[in-house]
Amino acid sequence: MRLRGVGGFATSALVAGAILWSFATTDVELSRLMSAGPRIADFLGRMFPPDPTVMREIAKGSAETLRIAILGSFGAVILSIPLGILASETMVTPALFRPVRTLLAFIRAIPLILVAMLMVGAVGLGPLPGIIAIAFHATGMLAKFYAEAIDGVSRAPIAALESAGAGPLVRLRHAIWPQVAPVVARDTIFRFELNLRESLVLGIVGAGGIGFYIQTYVRSFQYDKAASVTLAVIVMVIAIEAFNVALRRRFA
Amino acid sequence: MSIAARIDDLSFAHPGTDTLALERVSLRVPAGESIALLGPSGAGKTTLLALLDGRLQGWRGRVSVLGAPLDPDQPPPRARRADTGFVFQEFALVERSTVLRNVLNGRLGRMSVLRALLGSPTMRDLEIARAALADCGIADLAGRRADSLSGGQRQRVAIARCLAQEPRLILADEPVSNLDPTRAGEILSLLTGAARVRGATAVFSSHQPDLARRFAQRIVGMRGGRIIFDIPTSELNEDATADLYREAEPMPGPGLRAVS
């Protein structure tokens, strides 16, 4: 009891200290917050009405974002199949799956925007760095999902095929794959949805897609055009989510 | 009389445990007969069968199956594993696959790895699988998904898969304990009959003396990882059976359920 009391006090002190430290060293001025209201109103006012003349840019940008998400997801699936197998305790020994899992956790820890910036530096502007960034970033999660799907299957059919003389790859193909197929399909669709949402911001760092136009219009104070593109992004996200819900229902 | 399996002074503890699941077991399994392993849960029946199937390593003693010694540290080569068929208590089917696909899985050890990976059985594989389905009385279920079947039908599929493997030794671990008494008799009759017709040896485990008596020619009594008796079925009497169960250790509490 005493220990818990001391621990509880220490935690409270730590949290309070962190908040005070953040306040003291950042100029959170009340006056700036007060004047933000009118400025946001002004900003929104200039966004309205959205300028519908940018339909061509919207179509071009959305198509590119979609292509980045599709190819990035495809790349992630290609990378996640072997990595997912190597990260599963059903298929490999701890000496192998432990380091692979650590690698995947490491990949997940790197934000997409950072990967995209590095890739723009490495291969130049355009959709290519975006595709590579999405493929890399998504693999951290997708390979983990695949490994969990493999480790979640019923072991009995695997033992049955082992007994019949099937090797590890044949067991993967005939005992594990039929069991994980719907889970893998569901996880892949889920990750595709995330990829599409996340790829919207890639344009801001020059890695292609519709984000480029939002960035351009905001920087050149064409808020009405930026508003149109933003609306298009919202519509796209809602459409993809609706599409996914329908797909997931099919695979349930 | 030839011998299907020869076991000498076999001891085994499951990895991470100290207690012996099998203790100094010696046994001869005569070829072409049906043998029942009889005993309470935790007697070591499942362990002995899995070990004969080549799926357990790290044991001590000498074991040879179908004339070839088992390596205590390595699973047997692929070609030999197919000679020993296994029927599981919980059926062990791939639930989302069709009955025919499940039975063809029994052929995987007999195909080239490439053919197995591509999932393209030969005409002969298909014929054998269909014949096994017919022998088990479920030819009409070939296209059904395994998860749509009843328990008795599932165990027929599992036996058909085992027969498709063309095994010379059939091991069955409590093959009927998940079934009602009528189904249990049918399934054991099918299993031992199919083995007899093929000249294969059948070893099945059971905790029901009545079923062992009806379908086995020899009965091996096990308790606490040891063999208590090994007798022709005609010699199984009330005393022997009572002995197996009377001196069984007290029922373990919840959470300590012994593996049968």
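## Brief notes about the overall build of chain A
Along chain A, the regular secondary structure elements total 10 helices and zero strands. Going from the N terminus to the C terminus, chain A shows its helices and strands as α-α-α-α-α-α-α-α-α-α. Relative to the 2.2 N^0.38 estimate, which gives 18 Å for 252 residues, the radius of gyration of chain A is 24 Å and therefore markedly larger than a compact globule would have. Here chain A holds 252 residues, and 38% of them are scored as buried. If you take every contact in chain A between residues at least 6 apart in sequence, the share linking residues at least 24 apart comes to 72%.

## Some remarks on the nonpolar core
Counting 139 residues, the largest nonpolar core has A:Ala133, A:Val229, B:Val103 and B:Ala160 as its most contacted members. Considering each element in turn, this core owes the most residues, 13 residues, to helix α6 (residues 127-151) of chain A. Apart from residues lying up to four places away in sequence, A:Ala133 is in contact with A:Leu112, A:Val115, A:Ala116, A:Met119, A:Leu202 and A:Ala207.

## Concerning the sheet that holds strand β5 (residues 68-69) of chain B
The pairing of strands in a sheet comes from backbone hydrogen bonds and takes either a parallel or an antiparallel form. Residue and element names in this part refer to chain B. One open sheet accounts for four strands, arranged β2-β1-β4-β5; its pairing is antiparallel. The open sheet has two edge strands with one neighbour each: β2 (22-30) and β5. Alignment of strand β1 (residues 3-12) against β2, held across six bridges, turns out to be antiparallel. By the bridge assignment, alanine 5 is partnered in β2 with valine 29.

## Let's talk about the packing of helix α5 (residues 112-123) of chain A against α6(A)
Residue and element names in this part refer to chain A. At a closest axis distance of 8 Å, the pairing of α5 and α6 adopts a crossing angle of 140°. Judged on the interaxial angle alone, α6 and α5 are oblique. Considering the relative orientation of α5 and α6, their crossing is right-handed. Across the interface between the two elements, Leu112, Val115, Ala116, Met119, Val120 and Val123 from α5 touch Leu128, Pro129, Gly130, Ile132, Ala133, Phe136 and His137 from α6.

## Some points on the sheet that holds strand β8 (residues 201-206) of chain B
Residues and elements named next belong to chain B. Pairing within the open sheet is mixed, and its six strands lie in the order β6-β7-β8-β3-β9-β10. Both outer strands of the open sheet, β6 (84-87) and β10 (226-232), are each paired with one neighbouring strand and no more. Averaged over all neighbouring strand pairs, the angle between strand axes comes to 20°, with direction disregarded. As paired strands, strand β7 (residues 169-172) and β8 are joined by four bridges and run parallel to one another. Considered in β8, the bridge of leucine 171 is made with valine 203. Contacting β6 and β7, helix α6 (residues 151-164) runs over the sheet at an angle of about 175° to β6.

## Digging into the packing of helix α5 (residues 123-135) of chain B against α6(B)
Residue and element names in this part refer to chain B. Contact geometry for α5 and α6: axes closest at 8 Å, N-to-C directions at 140°. Compared by their axis directions, α5 and α6 come out oblique. For the crossing formed where α5 meets α6, the hand is right-handed. Here α5 contributes Ile128, Ala129, Ala132, Leu133 and Asp135 to the contact with α6, which in turn contributes Ala160, Leu163 and Ala164. Looking at side-chain class alone, the contact of α5 with α6 contains seven nonpolar, no polar and one charged residues.

## What about the pairing of β1(B)?
In this structure, β1(B) lies alongside strand β4 (residues 60-65) of chain B, joined through five bridges in antiparallel fashion. Among the inter-strand pairings, B:Ile7 is bridged to a residue of β4(B), identified as B:Val63.

## Some points on the interface of chain A and chain B
Tallying the contact residues gives 18 residues for chain A and 23 residues for chain B. Contributing elements (two or more residues each) for the side of chain A that touches chain B: α7 (156-164) and α8 (168-199) of chain A. The element contributing the most residues to the side of chain A that touches chain B is α7(A), with eight residues. Looking at side-chain class alone, the side of chain A that touches chain B contains 11 nonpolar, five polar and two charged residues.

## Examining the environment of A:Asn195
Residue and element names in this part refer to chain A. Residue position: asparagine 195 is located in helix α8. Along the sequence, asparagine 195 and methionine 119 sit 76 residues apart, while their C-alpha atoms lie 16 Å from each other. Excluding residues within four positions of it along the chain, asparagine 195 makes contact with Ala69, Gly72, Ser73, Ile134 and Ala138.

Basis of the calculations
Residues numbered from 1 in each chain as written. Chains lettered and ligands numbered in written order. Predicted model: local features only at pLDDT ≥ 70, side-chain atom pairs only at ≥ 80, totals over all residues. Helix = DSSP H or I, 4+ residues; strand = E, 2+ residues; numbered from the N terminus. Rg over C-alpha atoms; globule rule 2.2 N^0.38 Å. Buried ≥ 20, exposed ≤ 12 C-beta atoms within 10 Å, placed from the backbone. Contact = placed C-beta atoms within 7 Å. Core = buried A, V, L, I, M, F, W, Y, C linked by C-beta atoms within 7 Å. Pairing = 2+ DSSP bridges. Axes fitted to C-alpha atoms, helices over the stretch in contact; angles between N-to-C directions. Parallel < 35°, antiparallel > 145°, perpendicular 65-115°, else oblique. Left-handed = near helix turned anticlockwise from the far one by under 90°. Nonpolar A, V, L, I, M, F, W, Y, C, P; charged D, E, K, R; others polar.

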